Amino acid sequence: MSERRIDSDLLDHLTVPARHDELGVGSRAWVRVDTSLRIYWHTLFDICPGLLRLDGEDGQPSDGMSIFRPFMAFAAERGLSFDWTYYLWVDVWLQGSGFRDRVDDDLRLTLIGAAAARWAVTDRSPAVGLVIGTRSADRGPLPLVAGWKPADLEGGREIETLELEDPLPDPATPFGWFTTTTWSLDHFPGWRDLPL
């Protein structure tokens, strides 16, 4: 008879996917962890399918596990949360990985846009918009990405890239962000670092 485990017993196997198979492939505990991990997999690759081509042969999509598993280990080591910053942390991980040279600006903007979109539908603060900037010294300049909450009950969130007449200073870290409580960017409050 197999050992029964409760969810808290499986936490290490969930946060460190490399330990997933220690549970025994196909066991009840393995299926429980696999189901939980699929949520994070779909949250990433359904929104940013271009990631699946990074490690595929001849440009064909892969299962993404060569990105997903090491990223999840990276996230567990740093205690990252999987809120709107999830996609930005994936980019941070990619920039330090063997995939760095295959990540183009379009894919990076997709990840940043996904983060802004998630913020726009999950944030409950009085802010109406979020602006994300990148440090140009890391990979060259990228436009700012803004995510806007719906302006009315029938509207949807909006994501746009911005190129300001007077560029903002670079953030000190790979990503900086700030929020605004108005629908226009009339002042720059300074960059905030990514929360853990």
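Caption draft 1: Seen up close, the sheet that holds strand β1 (residues 129-134). A sheet is described by the order of its strands in space; here four strands give the open sequence β3-β2-β1-β4, paired in antiparallel fashion. Among the strands making up the open sheet, the edge pair consists of β3 (158-162) and β4 (175-180). Strand-to-strand twist of the sheet, defined as the mean angle between neighbouring strand axes without regard to direction, takes the value 20°. The pairing of β1 with β4 spans six bridges and is classified as antiparallel. When the bridges of β4 are listed, valine 131 appears paired with phenylalanine 178.

Caption draft 2: Region of the structure containing helix α2 (residues 28-45). Taking 1.5 Å of rise per residue, 18 residues should cover 26 Å, and α2 covers 25 Å from first to last C-alpha, within 8% of that figure. Where α2 is concerned, the buried positions are Ala29, Trp30, Val33, Asp34, Ser36, Leu37, Trp41, Leu44 and Phe45.

Caption draft 3: Summary view of the side chain of threonine 134. Here threonine 134 lies in strand β1. A relative accessible area of 9% places threonine 134 in the buried class. If near-sequence neighbours (up to four positions away) are discounted, threonine 134 is found in contact with Arg108, Ile112, Leu142, Asp170, Pro171, Pro174 and Phe175.

Calculation rules
- Residues numbered from 1 in each chain as written.
- Predicted model: local features only at pLDDT ≥ 70, side-chain atom pairs only at ≥ 80, totals over all residues.
- Heavy atoms only, no water.
- Pairing = 2+ DSSP bridges.
- Helix = DSSP H or I, 4+ residues; strand = E, 2+ residues; numbered from the N terminus.
- Axes fitted to C-alpha atoms, helices over the stretch in contact; angles between N-to-C directions.
- Expected span 1.5 Å × (residues − 1).
- Buried < 20%, exposed > 50% of the residue type's maximum accessible area, 1.4 Å probe, protein only.
- Contact = heavy atoms within 4.5 Å.

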